[in-house]
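# Examining the three-dimensional arrangement
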Amino acid sequence: MAVIENAVEATAVAQPPTDKPIINDFAIVVATANGTGSQTANMALLRAIFKMGVPVNGKNIFPSNIQGLPTWYHIRVSQDGYTARRETNELLVAFNETTIYQDVRDLPPGGLCLYNADFRSLPTRDDVTMVGIPVRPFVAESGLKGKLGDYIANMVYVGAMAYLLGVPLAKIDEALDVHFKQRRKFVDSNMAVVRAAYQWANDNIVYNSLYRVEPMAATAGKMLITGNEAAALGAVFGGVSFAAWYPITPSTSLIDALNDYLPRLRRDPETGQATYAVVQAEDELAAIGMILGAGWSGARAMTATSGPGISLMAEFAGLGYFSETPAVIWNVQRVGPSTGLPTRTGQGDVLFTYYLGHGDTLNVILFPASVAECFEFGVTAFDLADELQTPVFVLSDLDLGMNNWMTEPFAYPEQPMNRGKVVTAADLQRDGRFARYLDVDGDGIPYRTLPGNPHPLAAWFARGTGHNEHAVYSEKPQDWENNMLRLRRKFETARQLVPDPIIQEEADAAFGIIAFGTTQYAIDEARDRLAKQGVATGFMRLRGLPINDDVRAFIGRYERLYVVELNRDGQIHKILQTEAPEQAARLVSLAHMDGLPLTARWVVEAIAAQEAGRKEQTSDD
């Protein structure tokens, strides 16, 4: 593509308030309209910076309902490896005319706005630099029209940003090559626009950008992957043989990834036949019903959904708990209640899931915080479900599930699958007896047989109604109470089987912080900021429920602990107070919910407010 000849003149209104270069430590927000294909352009920028060896993280803030509504993609470049969302973005790509006034308003003094010069109306600010680039001539030069023209238009800002930041075009080419899976036809057509825009920027932009990306070696050996893709891969390595699901944001891409990995990794080497099945059910009720049936028959079965789907699955979840049927349910959390904010992240399903089911029900939950843990828990969840003979819930969130994160390559599971207490025909022949719900070992976990066991003693009737130790229908008070108390003993056993919390302690820590899931990244950065102010803190990240003695011991070591979570009501705070009532007064809830990933600034300010209030109260006393 020839360089655009009749380009509008670029502007350079202001420079950053310092002439010191800002290297590998800033944030970019790309404002576009939903449905214009900007994700390809954003991923090209993100992946190119990653390929320069610089730590980077991207977060897509997108609308849920109507094509054309605003979308913002946040790219954080951090030489220190921070991946939490920042509230301030120094660089803005303004390619959505409907939001440009708001977007420019949010820039800090010294910020840079790269905008589409075809826009008819522009905001003015004397303290930010406005650089316009004409998009229409590049699209016309490409010869593409309609949707393809919209898609290729986004490559204009990729080329201009690459020039401004110092990202080599070769890295953009590599990034697009990955994105289009080595289909050079698509790579070359996009790179033609990128190169033209880069050249135009070189010839026309009279602005010496102080925000630069310079090569590092901090991403060597790492990869970019979403949490949903990692979870699917973990499930494959964990032996999934059946999945049933119903589409819902933000979990659909988990099943999409399963449908991508399974055909390549799970075929009979001799016959070429698939050794798995993935079924799209008519709704979430049918999906969980199918996986409970598969789990009962011995398959490693799973589904993936989000909050509204969990609501519909409540009755079947109770059946799974009471009939003691293994199954794995991934809940990639979004914001509720009701339809809520379907494309925004949150941690609001913890209380509901923990007690999901009518009557006295308690469920095992895992909390992955990284893509590595999504892979790990893809395996662990199946082992726990089989070992405990119960549905196991994995609570991820939209930020982790749908965005790309850096990670080391995943390790192949070291331990063989744990199928739990399964009685074979030989066992029955030896023992001469079998009672499905008898607590033989005193840990609340009974033995089970699987369909296909030919021994006459193997048969039993799975039911959701009252039953005795022999799985025989019973309404006798003592049978009911014995069974429920045994289920409670099993839950106490689960405390020793769920993953231990991750604990980081500092000498002379002023207080402790407790969290779970992806709030970890804002807390990590907040703790570093507090440490620079001379405030040492202890930190515990929960990785599962129910809690164990390590959690109680950590709480017991601090006079006060802040429980940070991404919901309105402090749900894990309430559970901890219930599970450790003797320590409840030590726990202070810091809950926040606006649909966006938590920031370090919010954590620091929330803790500072609590500490100031505490000192004021002490002074008054």
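Residues numbered from 1 in each chain as written. Predicted model: local features only at pLDDT ≥ 70, side-chain atom pairs only at ≥ 80, totals over all residues. Heavy atoms only, no water.

## Concerning empty space enclosed by the protein
A complete count under the given rule lists six cavities of 30 Å³ or more for this structure. One number sums up the size of the largest cavity: a volume of about 70 Å³. Contributing to the lining of the largest cavity are 13 residues, with Asp399, Thr518, Thr519, Pro597 and Leu598 lying nearest its centre. A class-by-class count of the residues in the lining of the largest cavity yields seven nonpolar, three polar and three charged. (1 Å grid on protein atoms, 1.4 Å probe; cavity = no way out; pocket = protein on both sides within 12 Å on 5 of 7 lines; lining within 4 Å. Points joined across faces, edges and corners; volume = space filled by probe spheres on them. Nonpolar A, V, L, I, M, F, W, Y, C, P; charged D, E, K, R; others polar.)

## Some thoughts on the sheet that holds strand β23 (residues 587-591)
Spatially, five strands are ordered β18-β20-β19-β22-β23 in an open sheet, and the strand pairing comes out mixed. Of all strands in the sheet, those with a lone pairing partner are β18 (502-504) and β23, marking the two edges. Neighbour to neighbour, the strand axes of the sheet diverge by 20° on average, direction disregarded. Bridging between strand β19 (residues 511-516) and strand β20 (residues 537-542) involves six bridges; their strand directions are parallel. Each bridged residue has a counterpart across the sheet, and for Ala515 the counterpart in β20 is Arg541. Strands β18, β19, β20 and β22 (561-565) of the sheet are contacted by helix α17 (residues 520-532), whose axis makes an angle of about 175° with β20. Seen against the sheet, helix α19 (residues 571-579) touches β19, β20, β22 and β23 and runs at an angle of roughly 135° to β22. (Pairing = 2+ DSSP bridges. Helix = DSSP H or I, 4+ residues; strand = E, 2+ residues; numbered from the N terminus. Axes fitted to C-alpha atoms, helices over the stretch in contact; angles between N-to-C directions. Contact = heavy atoms within 4.5 Å.)

## Re the packing of aromatic side chains
Between two aromatic rings, the relevant description is the distance of the centres plus the angle of the planes. Per the stated rule, a full pass over the model turns up 16 aromatic pairs. Ring geometry for Phe237 against Tyr412: centres 5.4 Å apart, planes inclined by 75°, an arrangement best described as edge-to-face. With a gap of 175 residues between them, Phe237 in helix α7 (residues 227-237) and Tyr412 in the loop between β17 (404-407) and α15 (425-431) connect regions that are remote in the sequence. Given the relative accessible area of 64%, Tyr412 is considered exposed. Grouped by ring-pair contacts, the aromatic residues Phe237, Phe375, Phe410 and Tyr412 constitute a single cluster. Cation over ring: Arg436 sits above Trp460, and NZ or CZ is 4.5 Å from the ring centre. (Phe/Tyr/Trp six-rings, centres within 6.5 Å; stacked < 30°, edge-to-face > 60°. Buried < 20%, exposed > 50% of the residue type's maximum accessible area, 1.4 Å probe, protein only. Lys NZ or Arg CZ within 6 Å of the ring centre and 35° of its normal.)

## Focus on the sheet that holds strand β6 (residues 112-116)
Taken in spatial order, the six strands line up as β3-β4-β2-β5-β6-β7 in an open sheet, and their pairing is mixed. With partners counted over all chains shown, the strands left at the sheet margins are β3 (56-61) and β7 (129-133), one partner each. Each strand axis lies, on average, 15° off the axis of its neighbour in the sheet, ignoring direction. Note: β3 against strand β4 (residues 70-78), six bridges, orientation antiparallel. Bridged to Ile61 within β4 is Trp72.

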